[in-house]
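# Secondary and tertiary structure notes
Single-letter residue listing:
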There are 2 protein chains.
Amino acid sequence: MSLKFGILGLLKYERMTGYDLQKTFNSSLQFMWNAKGSQIYRELKAMEQRGLVSSSVIEQENKFDRKVYSLTEQGSEEFLSWMQKFPQDLNAPIRDEFSIRVFFGEFISNEELRFEIIKYKKQQEESIEELNVIKVLAEQDAEKNDMEQSFFYWLLTIKRGIKSIQAEIEWAEEALDLLQHKRG
Amino acid sequence: MSLKFGILGLLKYERMTGYDLQKTFNSSLQFMWNAKGSQIYRELKAMEQRGLVSSSVIEQENKFDRKVYSLTEQGSEEFLSWMQKFPQDLNAPIRDEFSIRVFFGEFISNEELRFEIIKYKKQQEESIEELNVIKVLAEQDAEKNDMEQSFFYWLLTIKRGIKSIQAEIEWAEEALDLLQHKRG
DNA sequence: GAATTCATGTAACTTGTTACATGATTTA
DNA sequence: TAAATCATGTAACAAGTTACATGAATTC
């Protein structure tokens, strides 16, 4: 897919600036999708030309202008029809650098590999903590707003994230154990 | 990273044609890295220009020629130095379409979402079976050749693949349960 | 006063996909 | 003899990254 549908979906909740989208992708959605500003603004521009979104400049007191994007009817339709058509092959295209490096593990020393896996494991543990922060954020949002619906689905994806990271941690432990007792 | 290092690493084991690389990426390595022929041949061309690989045409009886690539000294060095430098951030750049779709789950019906998650779960189950086939393949290779070393690391990555897919299946079950008892 | 965040972009480049083209060899 | 696999590419496009540029507002 492309960033496009992520943007379309977020704008379905509320109008936002490019910067807001950027913040959303790189904080609360960071564990499933991220994007650089340069890509977001470029995409937004293309989407506006195609009539999927429209922008209006909002003047603010003591602050400078914000270019706020909202969904057009057409954009909303395109998003909804995309949601109706889940792709046949749902497997994320895997392009997993860490796996490739482990696969070529014989070209570095046992100690070096173990060091890298330990580092990896620590990072995964940090990721789980970050995800828990996001989880709290989601729960707070749910209390404040009338967003119980989105909250539920957001939580589903957070749970998925946590489960998959836990699997990584378990694997790392097993791998470290195997490497430690390996000889040759 | 780029395809480049995957190619470099495979050529470190043995000389291969573009087609061989394609087969390897899309069978035994398919769960961690894949690539289309068009990309592989393009990459190979660029790598040859940069002196990382060299090609020679091998004539065969009753078959047409094969353009076989092998690592140059320079290519080998570049690969080894890449192996020495694991990136700081080892998290794969997540761009997870399935999660995004679940996240926007409120825009389709409960039944539709459940249907998609069931489909997803089945696919993951098939993936595990495929991975088990690859596992058997790896074990056979290890017996035939003197490749115990690569076999060990290959198996490490296969185990990682299986663990992570199992986590997906568990999540799917939990999600289905939550969706079934959800109301609103 | 310095650093960070807010805010919006452009340009060049890299990586990956899709569609197309060609043609021999092997297998069902 | 039809389909699949072997084998090698080109061209155009889509998606993502890096580097750069600008400057106001806010926080330390």
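Values in this document were obtained by computation on a predicted structure and should not be read as measured data. (Residues numbered from 1 in each chain as written. Chains lettered and ligands numbered in written order. Predicted model: local features only at pLDDT ≥ 70, side-chain atom pairs only at ≥ 80, totals over all residues. Heavy atoms only, no water.)

## Focus on the interface of chain B and chain A
Of the residues lining the interface, 69 residues belong to chain B; the matching set on chain A comes to 69 residues. Counting the surface lost from both chain B and chain A, the interface buries some 7700 Å², and carbon and sulfur atoms represent 62% of this. The largest per-residue losses of area from chain B upon contact with chain A belong to R101, F103 and R160 of chain B, which jointly make up 12% of the total buried on that side. One can count 6 salt bridges joining chain B with chain A. A salt bridge links D96 of chain A to R160 of chain B; the nearest nitrogen and oxygen atoms lie 2.9 Å apart. Residue assignment for the side of chain B that touches chain A shows that the elements contributing at least two residues are α1 (3-13), α4 (73-84), α5 (97-103), α6 (110-144) and α7 (148-180) of chain B. (Contact = heavy atoms within 4.5 Å. Buried area = accessible area lost by both parts, 1.4 Å probe. Salt bridge = Lys/Arg side-chain N within 4 Å of Asp/Glu carboxyl O. Helix = DSSP H or I, 4+ residues; strand = E, 2+ residues; numbered from the N terminus.)

## A look at the relation of the copies chain B and chain A
Once turned by 180° and shifted 0.0 Å along the axis, chain B lies on chain A with an RMSD of 0.0 Å. Such a turn and shift between the copies fits a two-fold axis. (Least-squares fit on C-alpha atoms with pLDDT ≥ 70 in both.)

## A few points about the domain arrangement of chain A
Residue and element names in this part refer to chain A. Structurally, chain A comprises domain 1 (3-84) and domain 2 (97-180). Taking only C-alpha atoms into account, the centre of domain 1 sits 28 Å from that of domain 2. In this assembly, 7 residues from domain 1 lie in contact with 7 residues from domain 2. For the domain 1 and domain 2 pair, buried surface summed over both sides reaches about 510 Å², with 74% attributable to carbon and sulfur atoms. Joining domain 1 to domain 2, the criterion identifies 0 salt bridges. At the junction of domain 1 and domain 2, the tally comes to 0 residue pairs in polar contact (both at pLDDT 80 or more). A breakdown of the residues in the side of domain 1 that touches domain 2 according to their chemical character gives 4 nonpolar, 3 polar and no charged. (Domains from an automatic or database assignment. Polar contact = N/O pair within 3.5 Å; in protein donor to acceptor, adjacent residues only side chain to side chain. Nonpolar A, V, L, I, M, F, W, Y, C, P; charged D, E, K, R; others polar.)

## What about the packing of aromatic side chains?
As enumerated under the stated definition, the model contains 28 aromatic pairs over all chains in all. Relative to F104 of chain B, the ring of F79 of chain A has its centre 5.2 Å away and its plane inclined at 90°; by these criteria the two rings are edge-to-face. Pair noted here: F79 of chain A is in helix α4 (residues 73-84) and F104 of chain B is in the loop between α5 and α6, and the two residues belong to different chains. Residue F79 of chain A is classed as buried on the basis of its relative accessible area of 0%. Geometrically, the ring pair formed by F104 of chain A and F107 of chain A is tilted, given 6.3 Å between the ring centres and 45° between the ring planes. Its relative accessible area of 0% is what places F104 of chain A among the buried residues. One aromatic cluster is present, built from ring pairs that chain together F5, Y13, F79, W82 and W154 of chain A together with F103, F104 and F107 of chain B. The aromatic ring of F86 of chain B is capped on one face by R101 of chain A, whose charged end is 4.9 Å from the ring centroid. Lying over the aromatic face of W171 of chain B, R160 of chain A brings its terminal NZ or CZ to 5.5 Å of the ring centre. (Phe/Tyr/Trp six-rings, centres within 6.5 Å; stacked < 30°, edge-to-face > 60°. Buried < 20%, exposed > 50% of the residue type's maximum accessible area, 1.4 Å probe, protein only. Lys NZ or Arg CZ within 6 Å of the ring centre and 35° of its normal.)

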